[in-house]
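Per-entry structural report
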Amino acid sequence: MNHTTEPITHKAKKRHRCSWCWELIEPGDEYRRYRFYDGGDAGTVKMHPECFDAMQDEARDWGGYFEWTPGMERPQRTPATQPTTTSSGHSDAAVIKQEQEKS
Ligand SMILES: [Zn+2]
């Protein structure tokens, strides 16, 4: 049986790792936090607000609960407070190769 507490919004006092995208949550940033209980395990999940939303979208598709591996793509949602662009070396450019099928 899995159980999660209601997520609450916190303001970071120190750095955290986002459980979704594994990027840093900087001090002063707001983040969503909840606790989960999974059998004998318990833990705290901390996420950027936009990552939390993305997770909820996924969870809806999976029927309410699913597991993920940290390192998911962080959604672009708050351009106003966008920090300097981080290039992690991973490409998210979709390469469309439909042209080849026509030749
Ligand atoms: Zn995140």
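Only a predicted model underlies this, so the values are computations on that prediction, with no experimental measurement involved.

Calculation criteria
Positions within a chain are numbered from 1, following the residues in the order the chain's sequence is written. Totals for whole chains, interfaces and linings use all residues, but because this is a predicted model, local features are given only for residues with pLDDT of at least 70 and pairs of side-chain atoms are given and counted only at 80 or more. Think of it this way: any DSSP run of H or I at least four residues long counts as a helix, any run of E at least two long counts as a strand, and we number them from the N terminus. By the criterion used throughout, residues are in contact when their C-beta atoms, derived from the backbone, lie within 7 Å. What makes a nonpolar core is a set of buried Ala, Val, Leu, Ile, Met, Phe, Trp, Tyr and Cys residues, with links drawn between C-beta atoms within 7 Å. Backbone-placed C-beta atoms define the burial measure: a residue is buried with 20 or more other C-beta atoms within 10 Å of its own, exposed with 12 or fewer, and partly exposed in between. For every residue, the predictor assigns a confidence score, pLDDT, that lies between 0 and 100. We call two strands paired when DSSP finds no fewer than two bridges between them. Each helix should span, by expectation, one fewer than its residue count multiplied by 1.5 Å. The arc refers to the directions leading from the helix axis to the C-beta atoms.

Turning next to the overall build of the chain. Within the chain, the secondary structure is distributed over two helices and six strands. Each helix and strand of the chain, ordered N terminal to C terminal, gives the series β-β-β-β-β-β-α-α. Across the chain, the fraction of contacts at a sequence separation of at least 24, relative to all contacts at a separation of at least 6, is 48%.

A word on the environment of His-3. Tracing the backbone shows His-3 in strand E1 (residues 2–4). Between the alpha carbons of His-3 and Ala-42 there is a distance of 9.3 Å; along the sequence they are 39 residues apart. Setting aside residues up to four positions removed in sequence, His-3 forms contacts with Phe-36 and Tyr-37.

The subject of this paragraph is the nonpolar core. Membership of the largest hydrophobic core is limited to ten residues, which are Cys-18, Trp-20, Cys-21, Ile-25, Tyr-31, Met-47, Cys-51, Phe-52, Ala-54 and Met-55. If one sorts the elements of this core by residue count, helix H1 (residues 49–61) sits on top with four residues. In contact with Phe-52, not counting residues within four places along its chain, are Pro-7, Arg-32 and Met-47.

Here the focus is the confidence of the model for the chain. Put simply, the chain has an average pLDDT of 81, and 74% of its residues get 70 or more. Scored below 50 in pLDDT, residues 89–100 makes one contact in the model with residues more than four places away or belonging to other chains.

Moving on to the pairing of strand E6 (residues 41–47). Judged from the seven bridges that link them, strand E5 (residues 30–38) and E6 form a sheet pairing that is antiparallel. Looking at the pairing, Arg-33 lines up with Lys-46 of E6. A loop of two residues connects E5 with E6, the two strands running antiparallel in sequence, and Gly-39 in this loop sits at a positive phi of about 65°.

Given a rise of 1.5 Å per residue, 13 residues ought to cover 18 Å, and the 19 Å separating the end C-alpha atoms of H1 matches this to within 8%. Looking at H1, one finds that the buried residues are Cys-51, Phe-52, Ala-54 and Met-55. Around the axis of H1, the buried residues are gathered within 160° of arc, so they sit on the same side. Relative to its buried face, H1 has exposed residues pointing more than 90 degrees away, namely Asp-57, Arg-60 and Asp-61. Tucked into the core, H1 has its buried residues touching E5 and E6. Just downstream of H1 lies Gly-63, where phi reads positive at about 90°.

The subject of this paragraph is unusual backbone geometry. Even without a glycine there, the phi angle at Trp-22 is positive, about 70°. Of note, Trp-22 is situated in the loop between strand E3 (16–17) and strand E4 (24–25). Residue class for Trp-22 comes out partly exposed when judged on the 14 C-beta atoms lying within 10 Å of it.

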